[in-house]
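# Structural features, examined
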Amino acid sequence: MKVLLILIERLIAQQKTAFTRGLALSFLVLAMGAALLGLSGWFVTAAAAAGVAGIGLGFDFFQPSAGVRGLALGRAVARYGERVLTHDATLRALADLRLALMDGVSRRPHEDQAKLRGAEALNRMTSDVDALDGLLLRLALPFLAGGMVQVSALLMLWWLEGLPIGLAVFVIYLIGGGGGLIWVARAARSDARKAETALQAIRTHALELMRGRADLAVAGALRAQSAQIAAQIDAEAIAKRNLEALDRRVGAVISATTALAGAAALAIGGQMAAAGQITPARAAIGLFVALALAESLMLLRRGMAEIGRMQEAGARVLDLSDTPARPDATTQPAPVSDAPLLCAKGLSFMRPGAQAPVFEGLDFDLHRGETLFLTGPSGAGKSTALAVLAGLLAPSVGTLEMRGVAMAQWPETDLREHLTMVAQRSQLIGGTVGDNLALALPQGAKLPEAEAHAALQAVALDEVIELRGGFAAQLGEGGAGLSGGQAKRLALARAALRRPDVLLLDEPTEGLDPETARATLQGLRQLLPDSGIIVVSHRSPDRAFASREVALISVNAATNRLDRLQNPKNTINNRS
């Protein structure tokens, strides 16, 4: 419950006024409903008693009927206002929660962020936030409003009829209704978890089916994948049917509680009326108010059934959104003018819990205008080494400096102004080509078309983009509409727009023919003549582009151990 309380506090924090008004209107709706039924019961009973006594002509029908109409209209208006205020505030609060979640993810370590890019992780985050939309509307607000109206009914019945009636109704609802809701919260946890697990599996497998249907068809696995999705659909349906059956049972418990509260109010009220302590019309108020109070429990039925799902989703959301901020440098770095752009000495990196480092003993100096080629067999940790050189991962051993200043002393914003990396799987966004290029610029900056065209020309992509409509050409999600090689070159052009001192490239010519690969790398060097470039690649055109080579030493694979025996030290071959 602590997790849910923390989330409720955070969701309300930015929308306190709207939620306070919504809570007041929620209470007013329930209170007016109880008052409406109580007044109606009193009116009918009092009118009947007046008719039996032969004083019907002297009975005031107008004021009670006006009160009934006023409460009915007021309740409808209050319900509308409550829905508008609480739903609007909830949507705004969830938007803030999504931003906090994405901000927390952005503070995660580089490798953790890479894991969160998968379809399963993204579906999970989306589903978790969706699960929390009922935290306020179906749990917090109904609980507070229902509790307030139950206490108010106790006080009003005490005042109108006496303490025994009010206390009996309150205690019966507290024990019967509260016990029923706690029971459903516990009983629904397992089926709610099964339904959520099945839903996540359906989303993930359906996405895999849509994306890989051609490969699955060729492999003869299309029918098996479809059957797997169908099985998950059946599992979700069974879990939902169980939840619906549970909901009907708790509805029966609430109905029984309501009937018992009404019977107790009627029995106690009848005895008091027979004793002359109250009139029969007043005795009817307790019965009808007890019946009306059932609404305060009915509103909580769905929220209590989903409380287990909300709690698990909330724990995952808090874990991601509460990621500690990365420590940032507190002083402004003072670069050394004659220092290398990048200097690595004895760099090693070991993952937590690993028995051996991914790579070790990485030494080099990178100067202006140089291109360094990082070699090593597949699995040697070249991409991991680039992440360390980019400041995304902290080295386990060794020192790393940029322009004579330790990497850890560079504030994040300043570091990214001087150093840029193009990962092997760089991401594009749905939007125009100009939108994708503008990601390299400071927020709000206008795209300089002349420089952007030069960047596209440098990577041999200018003619392709012109044929598609220029910077206004529309791309789909993830850059859909471009081939793999075109998408890679657009990412390279975006990085070149930053004019970095150090440019790190992971498989920059993957998917390109040798001629286009050479033209792309030569164009980048001509566009950035003073930048230091480090390239990780398996392609010979990339190797020919480099000024020097550095062999990465890895101790993880047998092939890399053999390479280590043959090259006991990092070999640096000068080509300049």
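Note that this is a predicted model, so its numbers are computed, not measured.

## Considering the overall build of the chain
- A tally of helices and strands in the chain yields 22 helices and 12 strands.
- Expected size for 576 residues packed as a compact globule is a radius of gyration near 25 Å; at 35 Å, the chain overshoots this value by more than 25%.
- Taken along the three principal axes of its C-alpha coordinates, the chain extends 120 × 50 × 45 Å.
- In the chain, which comprises 576 residues, the proportion classed as buried is 46%.
- A fraction of 78% describes how many contacts in the chain between residues 6 or more apart in sequence connect residues 24 or more apart.

## Here's the deal with the nonpolar core
- Grouped together as the largest cluster of nonpolar side chains are 62 residues, with contacts concentrated most on Leu-132, Leu-135, Leu-139, Val-169 and Leu-293.
- Those residues in contact with Leu-135 that lie beyond four places of it in its chain are Leu-4, Leu-7, Ile-8, Leu-11, Ala-140 and Met-310.
- Counting residues in hydrophobic clusters, the runner-up holds 35 residues, among them Val-459, Leu-492, Ala-493 and Leu-505.

## Some details on the pattern of salt bridges
- In this structure the tally under the stated criterion is 21 salt bridges.
- Residue Arg-107 is joined to Asp-103 by a salt bridge in which the shortest nitrogen-to-oxygen separation is 2.5 Å.
- Among the residues examined, Asp-103 registers a relative accessible area of 42% and is labelled partly exposed.
- Put simply, Glu-370 and Arg-548 hold a salt bridge, and the shortest N to O gap is 3.3 Å. With Glu-370 in the loop between β2 (359-366) and β3 (371-375) and Arg-548 in strand β11 (residues 548-551), this residue pair connects regions lying 178 residues apart in the sequence.

## Side note on the packing of helix α3 (residues 62-106) against helix α6 (residues 133-160)
- Taken N-terminus to C-terminus, the directions of α3 and α6 make an angle of 135 degrees; their axes are 8 Å apart at the nearest point. When the axis of α3 is compared with that of α6, the two are oblique. Viewed along their axes, α3 and α6 form a crossing whose handedness is right-handed. Of the residues in α6, those in contact with Thr-86, His-87, Thr-90 and Leu-94 of α3 are Asp-133, Leu-136, Leu-137 and Leu-141.
- Here the residues of the contact of α3 with α6 sort into 4 nonpolar, 3 polar and 1 charged.

## Quick look at the pairing of strand β9 (residues 502-506)
- Of all 5 residues that make up β9, 5 are buried, and the element is covered over most of its length.
- Because side chains alternate across β9, one face comprises the buried residues Val-502, Leu-504 and Asp-506, and the other comprises Leu-503 and Leu-505, equally buried.
- For β9 and strand β10 (residues 532-536), the ladder comprises 5 bridges, and the chain directions are parallel. Paired with Asp-506 across the two strands is Val-536, which belongs to β10.

## Here's the deal with the UniProt feature "transmembrane region" (unreviewed entry) in the chain
- According to UniProt, the feature "transmembrane region" (unreviewed entry) maps to residues 18-36, 42-62, 135-159, 165-185, 250-269 and 281-300 in the numbering used here.
- From the first C-alpha to the last, residues 250-269 spans 28 Å; its make-up is 100% helix and 0% strand.
- Regarding residues 281-300, the helix share stands at 85% and the strand share at 0%, and the terminal C-alpha atoms are separated by 31 Å.

## Notes on helix α17 (residues 449-458)
- When α17 is considered as a whole, its buried residues turn out to be Ala-452, Ala-455, Leu-456 and Ala-458. Within α17, the buried residues cover an arc of 160 degrees as seen down the axis, which keeps them to one side. Of the residues in α17, the exposed ones pointing more than 90 degrees away from the buried face are Glu-449 and Ala-450.
- Looking at the packing, one finds that the buried side of α17 touches α16 (433-438), α18 (462-468), α19 (484-496) and α20 (514-527).

## Some points on a nonpolar patch on the surface
- Taken together, the side chains of Val-151, Leu-155, Trp-158, Leu-163, Leu-167, Val-171, Leu-174 and Ile-175 present a nonpolar region at the surface, about 730 Å² in accessible area.
- Looking at which element gives the most residues to the nonpolar patch, the answer is helix α7 (residues 163-211), with 5 residues.
- Mapped onto the elements of the fold, Val-171 is located in helix α7.

## Some words on the domain arrangement of the chain
- Split into domains, the chain comes out as domain 1 (1-171 + 249-322) and domain 2 (342-566).
- Between domain 1 and domain 2, the C-alpha centre-to-centre distance is 57 Å.

## Focus: unusual backbone geometry
- We note that Arg-403 has phi near 55 degrees; this positive angle belongs to a residue other than glycine.
- By secondary structure assignment, the location of Arg-403 is in the loop between β4 (397-402) and β5 (405-406).
- Non-glycine residue Glu-507 carries a positive phi angle of around 50 degrees.
- Structurally, the position occupied by Glu-507 is in the loop between β9 and α20.

## Some words on the sheet that holds strand β1 (residues 342-349)
- The sheet built from 4 strands is open, its strands ordered β2-β1-β4-β5 with antiparallel pairing. Bordering the open sheet on either side are β2 and β5, each of which pairs with just one other strand.

## Quick look at α19
- For α19, with 13 residues, the first-to-last C-alpha span of 19 Å sits near the 18 Å given by 1.5 Å per residue.
- When you tally the buried positions in α19, you get 12 out of 13 residues, the bulk of the element.

## A word on the confidence of the model for the chain
- Averaged over all residues, the pLDDT of the chain is 84; the fraction at 70 or higher stands at 93%.
- By mean pLDDT, strand β12 (residues 572-574) is the weakest element of the chain at 41, and helix α10 (residues 280-292) is the strongest at 91.
- When the criterion is pLDDT under 50, residues 557-576 qualifies, and its contacts beyond four places in sequence or with other chains add up to 38 contacts.

## Notes on the environment of Glu-295
- Within the element layout of this structure, Glu-295 appears in helix α11 (residues 294-298).
- Residues Glu-295 and Gly-146, 149 residues apart in the sequence, show an inter-C-alpha distance of 8.3 Å.
- Setting aside chain neighbours within four positions, we find Glu-295 in contact with Leu-30, Arg-75 and Arg-79.

## Thoughts on the packing of α6 against α7
- Axis separation between α6 and α7 bottoms out at 7 Å; the angle between their running directions is 160 degrees. In terms of axis orientation, α6 runs roughly antiparallel to α7. When the axes of α6 and α7 are compared, the crossing they make is right-handed. Residues Gln-150, Val-151, Leu-154, Leu-157 and Trp-158 of α6 lie in contact with α7, whose contacting residues are Leu-163, Ile-165, Gly-166, Leu-167, Val-169, Phe-170 and Tyr-173.
- When grouped by side-chain class, the residues that make up the contact of α6 with α7 number 10 nonpolar, 2 polar and no charged.

Calculation rules
Residues numbered from 1 in each chain as written. Predicted model: local features only at pLDDT ≥ 70, side-chain atom pairs only at ≥ 80, totals over all residues. Heavy atoms only, no water. Helix = DSSP H or I, 4+ residues; strand = E, 2+ residues; numbered from the N terminus. Rg over C-alpha atoms; globule rule 2.2 N^0.38 Å. Buried < 20%, exposed > 50% of the residue type's maximum accessible area, 1.4 Å probe, protein only. Contact = heavy atoms within 4.5 Å. Core = buried A, V, L, I, M, F, W, Y, C linked by side-chain atoms within 4.5 Å. Salt bridge = Lys/Arg side-chain N within 4 Å of Asp/Glu carboxyl O. Axes fitted to C-alpha atoms, helices over the stretch in contact; angles between N-to-C directions. Parallel < 35°, antiparallel > 145°, perpendicular 65-115°, else oblique. Left-handed = near helix turned anticlockwise from the far one by under 90°. Nonpolar A, V, L, I, M, F, W, Y, C, P; charged D, E, K, R; others polar. Pairing = 2+ DSSP bridges. UniProt positions renumbered as here; feature names shortened; annotations may be inferred. Arc of directions from axis to C-beta. Patch = residues over 30% accessible without salt bridge, like charges linked within 9 Å, V, L, I, M, F, W, Y side chains within 5 Å. Areas by Shrake-Rupley, 256 points an atom, 1.4 Å probe, with all protein chains shown as cover. Domains from an automatic or database assignment. Expected span 1.5 Å × (residues − 1). pLDDT = per-residue confidence, 0-100.

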